[in-house]
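The primary structure of each chain is shown beneath.
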Amino acid sequence: MVVRVAPPPPVVERRPIAPGPRYIWVDGYHRWVGQRYVWVPGRWTLPPRPGVMWVPGHWDARPGGWVWIPGHWR
């Protein structure tokens, strides 16, 4: 889906204390819902396996608008 409205700047969030030593912070992001952006807060999460890294999702400018590229583990 291509969104014609540019996303707003990211919200600066205060990270709460991690629930444990293995947790990784996943930043929040703006999600397109119908006709506007809604902020999805960041969260602590456990990686699916040792040695992986979280690659954050981002909005990518494309011809005609913006496309969401989801975050993923690498």
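Residues numbered from 1 in each chain as written. Predicted model: local features only at pLDDT ≥ 70, side-chain atom pairs only at ≥ 80, totals over all residues. Heavy atoms only, no water.

A. Main features of the overall build of the chain. If you tally the helices and strands in the chain, you get 0 helices and 8 strands. Going from the N terminus to the C terminus, the chain shows its helices and strands as β-β-β-β-β-β-β-β. Since a compact globule built from 74 residues should have a radius of gyration of about 11 Å, the 14 Å found for the chain marks it as more spread out than a globular shape. Counting the 74 residues in the chain, one finds 24% classified as buried. Long-range pairs, those at least 24 residues apart, make up 41% of the contacts in the chain with a sequence separation of at least 6. For the chain, the computed accessible surface area is about 5,700 Å², with 59% contributed by carbon and sulfur atoms. (Helix = DSSP H or I, 4+ residues; strand = E, 2+ residues; numbered from the N terminus. Rg over C-alpha atoms; globule rule 2.2 N^0.38 Å. Buried < 20%, exposed > 50% of the residue type's maximum accessible area, 1.4 Å probe, protein only. Contact = heavy atoms within 4.5 Å. Areas by Shrake-Rupley, 256 points an atom, 1.4 Å probe, with all protein chains shown as cover.)

B. Geometry of the pattern of salt bridges. Throughout the structure, instances matching the rule amount to 2 salt bridges. Its salt-bridge partner being R15, residue D27 comes within 3.9 Å of it at the nearest N-O pair. Of this pair, D27 sits in the loop between β1 (24-26) and β2 (29-33) while R15 is found in the segment before β1, placing the two residues 12 residues apart along the sequence. Accessibility expressed as a relative area gives 41% for D27, which makes it partly exposed. The closest approach of N and O atoms between D60 and R62, which form a salt bridge, is 2.8 Å. For D60, a relative accessible area of 26% puts it in the partly exposed group. (Salt bridge = Lys/Arg side-chain N within 4 Å of Asp/Glu carboxyl O.)

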